[in-house]
Amino acid sequence: MEYLSEFIALGIDSIIFGICLKQHFYCNRSINAVKGAEFYEVNNNLINIVEQNKDNKIKYVAIRGAVQSIDTPIYGIHNKVITGVIHKLTLKEHLVVRTSSGYWSDQEHTMQEVYNCVPFVIKRGKHEIEVTNSLAAEVLDLETISDIFEASAPSFVDYVWGFFTGHRQRGLQTTEEMLKEGSIITVIGELTKSSSNHNSLVLQPPGDGTSYYLTTMSISSLLRKLDDQRKVYKWLCLIFGTIGLFIAGILVRRYLKDKEKQKLANELRKSLEQSRKERRQRIRETNLSRDQLCVICMTNPQEIILLPCGHVCLCIDCSMNYTSTCPICRETVTQTNPVFFP
Ligand SMILES: [Zn+2]
Ligand SMILES: [Zn+2]
């Protein structure tokens, strides 16, 4: 297909541009939503405010409080004193790998990432609000509580094996992150009455798909972070938009050039046809005999020699459509040439 590479490049560019544009609008929407969210501390007045709203629900609020688990908290693996409600354990393998250029370089890859969470509330004084579906949060700020690197002790055989295979394990890194009990967080989401207990409130991801946040940052820091993301997507949109326009420009230019070429070729063909017609007219006036006419159309004079057999039996028009075998001797035609009789 013509212009295939340009179309593929334009297609890939458009997809990336589309994703960046979507993310940019998403950031914009998130920023406006967070700016529009009302801010509350956990207090006993909140339940009255919720009851005044339609469906006993406030669509988007920001509430700050201290984290506490409802039942048993999660204990740190390496430090049992630390308790929390969301625990993330990451296991990474560190490798020394031979690159394609022959050098050895350090690389790491995540082998496992496990989340664990227990039901929890955010509270202030004796008032509390349950936080549900915390892992659905767009921003989930966890604190690193342990980060341990265990270097592997390779034997001589491992060294030799590593030399031939091109990679050798350097060690394993285990990282523990946690949302600790007692940390002050701001939850931004939907506030509603609990379905099981009508005197308690629940924070959950908004039903309309707006982002849900569990963050230790202040609202202004969160807004700054979102704004930074928006700026990155804006720049990516500009870059990929410009590349897209550039490729489209090349495509249009090539198309116009090809069209111009085709037009010139058509004009040339027409003028050749015209001159052929005039020549035939002149020859016809001399009254051609039957065996001087093209054997196919029986109208135009014979003007093409078929090679290698050498028969002169076709006009130019018919030779263009009939060039595989000679109509007289059936020999395969490899070449045609115009002939001129004085
Ligand atoms: Zn003919
Ligand atoms: Zn022939």
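Procedures and definitions
- Residues numbered from 1 in each chain as written.
- Chains lettered and ligands numbered in written order.
- Predicted model: local features only at pLDDT ≥ 70, side-chain atom pairs only at ≥ 80, totals over all residues.
- Helix = DSSP H or I, 4+ residues; strand = E, 2+ residues; numbered from the N terminus.
- Buried ≥ 20, exposed ≤ 12 C-beta atoms within 10 Å, placed from the backbone.
- Contact = placed C-beta atoms within 7 Å.
- Expected span 1.5 Å × (residues − 1).
- UniProt positions renumbered as here; feature names shortened; annotations may be inferred.
- Pairing = 2+ DSSP bridges.
- Axes fitted to C-alpha atoms, helices over the stretch in contact; angles between N-to-C directions.

(A) Layout of the overall build of the chain. Within the chain, the regular secondary structure consists of five helices and 16 strands. Referenced to the eigenvectors of the C-alpha coordinate spread, the extents of the chain come out at roughly 120 × 70 × 35 Å. Of all 342 residues assigned to the chain, the portion counted as buried reaches 17%. Pairs at least 24 residues apart make up 64% of the contacts formed inside the chain by residues separated by at least 6 positions.

(B) Expanded view of helix α1 (residues 4–36). The end-to-end C-alpha separation of α1 is 47 Å, in line with the 48 Å expected for 33 residues at 1.5 Å each. Those residues of α1 lying buried are Asp-13, Cys-20, Cys-27 and Ser-30.

(C) Local environment of the environment of Ala-137. Here Ala-137 shows up in the loop between β7 (127–131) and β8 (139–140). Residue classification places Ala-137 among the partly exposed residues on the basis of 19 C-beta atoms within 10 Å. Each C-alpha atom, one on Ala-137 and one on Gln-204, is 9.3 Å from the other, the two residues being 67 residues apart in sequence. Beyond its immediate chain neighbours, meaning those up to four positions away, Ala-137 contacts Tyr-212, Tyr-213 and Leu-214.

(D) Structural context of the UniProt feature "transmembrane region" (unreviewed entry) in the chain. Listed under "transmembrane region" (unreviewed entry) in the UniProt record, and renumbered for this structure, are residues 232–252. For residues 232–252, helix accounts for 100% and strand for 0%, while the C-alpha atoms at its two ends are 30 Å apart.

(E) Inspection of helix α3 (residues 156–165) at higher detail. Buried residues are scarce in α3, accounting for zero of its 10 residues. Just past α3, the residue Gly-166 takes up positive phi, approximately 90°.

(F) Geometry of the sheet that holds strand β15 (residues 312–314). Reading across the sheet, the three strands line up as β15-β14-β16 and stay open at both edges, with antiparallel pairing between neighbours. For this open sheet the edge positions go to β15 and β16 (335–338), each flanked by a neighbour on one side alone. Within this sheet the neighbouring strands show an average axis-to-axis angle of 45°, counted without direction.

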